[in-house]
Each structure stands twice: as C-alpha cells, then as structure tokens.
Amino acid sequence: MNHVNFDETLVIRNIEGETSSEILKHMAANLYQKGYVKESYAEAVIAREKKFATGLPTNGCGVAIPHTDIEHVNQSAISVGILKKPVEFGIMGEETERTPVKLVFMLAMHDSHSQLTMLQSLMGIFQDEEILLYLAKEESEVKIKEEVSKRLNLNNMKGGE
Amino acid sequence: MSEVRKGKKTVLVACGTGIATSTVVSDAIEKMAKENNIQIEIVQCKVTEVPAYESRASLLVTTTIVSKEYPFPIINARAFLTGIGLDKLKEQILEELKK
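Residues numbered from 1 in each chain as written. Chains lettered and ligands numbered in written order. Predicted model: local features only at pLDDT ≥ 70, side-chain atom pairs only at ≥ 80, totals over all residues. Heavy atoms only, no water.

Trainee: Would you mind going over the nonpolar core in detail, with residue names and values included?
Mentor: Counting 74 residues, the largest nonpolar core has Phe105 and Phe126 of chain A together with Phe80 of chain B as the members making the most contacts within it. Every residue in contact with phenylalanine 105 of chain A, bar those within four places of it in the chain, is listed here: Val63, Ala64, Ile65, Pro66, Ile78, Ser79, Val80, Leu122, Ile125, Phe126 and Leu135 of chain A. The next biggest cluster of nonpolar side chains, apart from the first, holds 12 residues, and it includes Ala14, Cys45, Val47 and Ala57 of chain B. (Core = buried A, V, L, I, M, F, W, Y, C linked by side-chain atoms within 4.5 Å. Buried < 20%, exposed > 50% of the residue type's maximum accessible area, 1.4 Å probe, protein only. Contact = heavy atoms within 4.5 Å.)

Have a look at this one:
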C-alpha cells in the first residue's frame, strides 16, 4: 500500500499564530521543505480550510485535520502541530461556528482511496481524550512521533469497540 | 455500479475533497448497511459533485456545509469523526436507509 511519511521532523511543537491560516502556513512550509508537497500546497490548504473548515470539537482538546486536493502533493505524509495557545478554527460542517484547536493533524494525501485504515486510526485518536491530552502536553517530539505512529499502525490489533 | 437494482438506495457521501473524511464515513455506512442487511449503493464524492447525482440519490451524508437545496435529506456525519453523538447519528442514518 501507499506509504505515509511521518517522523519527528513532522512533529512541530509550540507553534504560535493568531489565525488558523498562520498555523497552516507554518506547517505547510515544513512539508514543502521536506519535498512531500508542492509549492502550491500551502495556498491550496489555506483556501480549502476557509471554504471547508476542518476543526473538530473533540473531548479533551480540539483538533483540526487540514488537507487539500491530491494534485498539490508529491508523497503522502502527515504532520502533527501542537499549538502554543489554542487557535480558533471553523468547525467542520458548520457555517459560522468555531472551536479552539490545540492539535493540528495536517494531511498530505497522494492517493484518493488508499488510506482508509490510517484515517480510521486517526479518528480513533480523536475519540480518545487521554491520548489527545497526552499529545498536547508531551515535550518530546520523538515520543509524540512514537505514540502517533503506534496508534496509526495499531488498527489491526485494536480490540472491539 | 452498473447493476443498480430498482429500490436500492443510492447514498451520497461527500466532503470537501472527497478523499479524507468521506472515506471514513463511506466505510462506516457500508458496514452499517451490511449489518442490517440493507442493500445500498454508496457514491463517495466532493460536495461540489453532488448535483451530478441529484436525480438518483436518496440521501446525502456529509461532513461539510451544503449550501444548495436538494430533494433528499442531508445528514451531518461529524460524529463518525469525533465519536460524540455517534449512536444518535447511526440511528438517524439507519432510519433513512430503512425508509
């Protein structure tokens, strides 16, 4: 299956910004620097977020999953951003409602339908208050990487819900 | 896809890009339909592509804003992502599928 790039250099802690666009710009620049996305990705993901917001009012702390069309991506990757202070994102599927977001999971998807398991595991993280609070607090990028990688591959062994 | 039986409902699952959240939601609805022995056809698409399926769809399940009016019910699927209010959402979808 299509490989999803993820390592500790894609974990960014203490991101500062006033708006969701500033946060996205920062994270997209890092993905671009590593060659996973095209130069057009940053602008596309910001535009997409304005049109189709991706903030989710999850239990524990709010998350967002910004992403955009596959044409802006070179290789699939995921980047985790931990914001210094929560920033308001629009709530997915709502016209005007906003939610404070602490954790940003930026998705660079290169294939349309191949990432079901990874995405399902990601939603598993969103539904687990304990892990969200841990990720928000942990100070080691390596530990965050290890925990997220474990979760995203663990799907087959996960017990029934 | 070509063997759409008469009476088999077409369920549209849409998100902004048609690649991320709609993938998760499509799979969840497919499992629900199977568990309940309901035959449905699921079409995963971008929300901007919904008008193309307007004539054959019975239900739209989406994670994004839908600004247009459609002749079929629209259900917000965010609970599949957050887990908050999931039972209620499943009930709501099942009710539509059984109609």
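Once you've had a look at it, read on.
Trainee: Quick rundown of the side chain of glutamate 49 of chain A? Include the residues and the values.
Mentor: All names here are of chain A. Among the secondary structure elements, glutamate 49 is positioned in helix H2 (residues 40-51). One buried charged residue, glutamate 49, remains without a salt bridge, the closest side chain of opposite sign being arginine 98 at 7.6 Å. Separated by 2.8 Å, the side chain of glutamate 49 and the backbone nitrogen of threonine 54 make a polar contact. Not counting residues up to four positions away in its chain, the partners in contact with glutamate 49 are Leu24, Thr54, Gly55, Pro66 and Phe89. (Helix = DSSP H or I, 4+ residues; strand = E, 2+ residues; numbered from the N terminus. Lys, Arg positive; Asp, Glu negative; His and termini not counted. Salt bridge = Lys/Arg side-chain N within 4 Å of Asp/Glu carboxyl O. Polar contact = N/O pair within 3.5 Å; in protein donor to acceptor, adjacent residues only side chain to side chain.)

Trainee: Got a sec to walk through empty space enclosed by the protein? Specific residues and values, please.
Mentor: Remark: the empty space left among the atoms is shown by a probe the size of a water molecule rolled over them. Under the counting rule described, the total for this entry stands at one cavity of 30 Å³ or more. Every residue along the wall of the largest cavity is listed here: Arg48, Phe52, Ala53, Thr54, His67 and Met92 of chain A together with Cys15, Gly16, Thr17, Thr21, Thr63 and Thr64 of chain B. (1 Å grid on protein atoms, 1.4 Å probe; cavity = no way out; pocket = protein on both sides within 12 Å on 5 of 7 lines; lining within 4 Å. Points joined across faces, edges and corners; volume = space filled by probe spheres on them.)

Trainee: So what's going on with the sheet that holds strand E1 (residues 11-15) of chain A? Which residues, and what values?
Mentor: All names here are of chain A. In space, the five strands of this open sheet follow the order E1-E4-E5-E3-E2, with mixed pairing throughout. This sheet does not close on itself; its edge strands, each paired only once, are E1 and strand E2 (55-56). Helix H5 (residues 141-153) rests against E1 and strand E4 (77-90) of the sheet, and its axis sits at about 125° to E1. (Pairing = 2+ DSSP bridges. Axes fitted to C-alpha atoms, helices over the stretch in contact; angles between N-to-C directions.)

Trainee: How would you explain the environment of isoleucine 42 of chain B if you had to name every residue and give the values?
Mentor: Residues and elements named next belong to chain B. Position of isoleucine 42 among the secondary structure elements: in strand E2 (residues 40-46). A C-alpha to C-alpha distance of 16 Å links isoleucine 42 and asparagine 76, two positions 34 residues apart in sequence. With sequence-adjacent residues up to four places away left out, isoleucine 42 is seen in contact with Val11, Val13, Ser26, Ile29 and Glu30.

Trainee: Report on the UniProt feature "domain: PTS EIIB type-2" (unreviewed entry) in chain B, specifying residues and quantitative values.
Mentor: According to UniProt, the positions carrying the feature "domain: PTS EIIB type-2" (unreviewed entry) are residues 9-99 of chain B. Secondary structure within residues 9-99 of chain B divides into 35% helix and 23% strand; the distance between the first and last C-alpha atoms comes to 9 Å. (UniProt positions renumbered as here; feature names shortened; annotations may be inferred.)

Trainee: Describe in detail H5 of chain A, supporting the description with residues and values.
Mentor: Residues and elements named next belong to chain A. Over its 13 residues, H5 runs 18 Å from end to end, which matches the ideal 18 Å to within 8%, given 1.5 Å per residue. Its buried side turned inward, H5 meets E1, E4, helix H3 (116-126) and helix H4 (129-137). The N-cap residue of H5 is serine 140: its side-chain oxygen and the backbone nitrogen of valine 142 are 3.3 Å apart. (Expected span 1.5 Å × (residues − 1).)

Trainee: I'd like to hear about the packing of H3 of chain A against helix H1 (residues 21-35) of chain B, residue by residue, with values.
Mentor: Axis separation between H3 of chain A and H1 of chain B bottoms out at 9 Å; the angle between their running directions is 90°. When the interaxial angle is binned, H3 of chain A and H1 of chain B end up roughly perpendicular. Between H3 of chain A and H1 of chain B, the residues in contact are Leu116, Leu119, Gln120 and Met123 of chain A and Thr23, Val24, Asp27 and Lys31 of chain B, respectively. For the contact of H3 of chain A with H1 of chain B, the residue count by class is four nonpolar, two polar and two charged. (Parallel < 35°, antiparallel > 145°, perpendicular 65-115°, else oblique. Nonpolar A, V, L, I, M, F, W, Y, C, P; charged D, E, K, R; others polar.)

Trainee: Tell me what's going on with the interface of chain B and chain A, and back it up with residues and numbers.
Mentor: Every contact between the two is made by 24 residues of chain B and, on the other side, 26 residues of chain A. Taken together, the two surfaces of chain B and chain A that pack against each other cover about 2,200 Å², and 66% of this comes from carbon and sulfur. Counting the surface chain B buries against chain A, the share from its top three residues, Ile19, Ile65 and Arg78 of chain B, is 27%. Scanning the region where chain B abuts chain A turns up two salt bridges. One salt bridge in this structure joins aspartate 69 of chain A and lysine 46 of chain B, with 3.3 Å as the shortest N-O distance. (Buried area = accessible area lost by both parts, 1.4 Å probe.)

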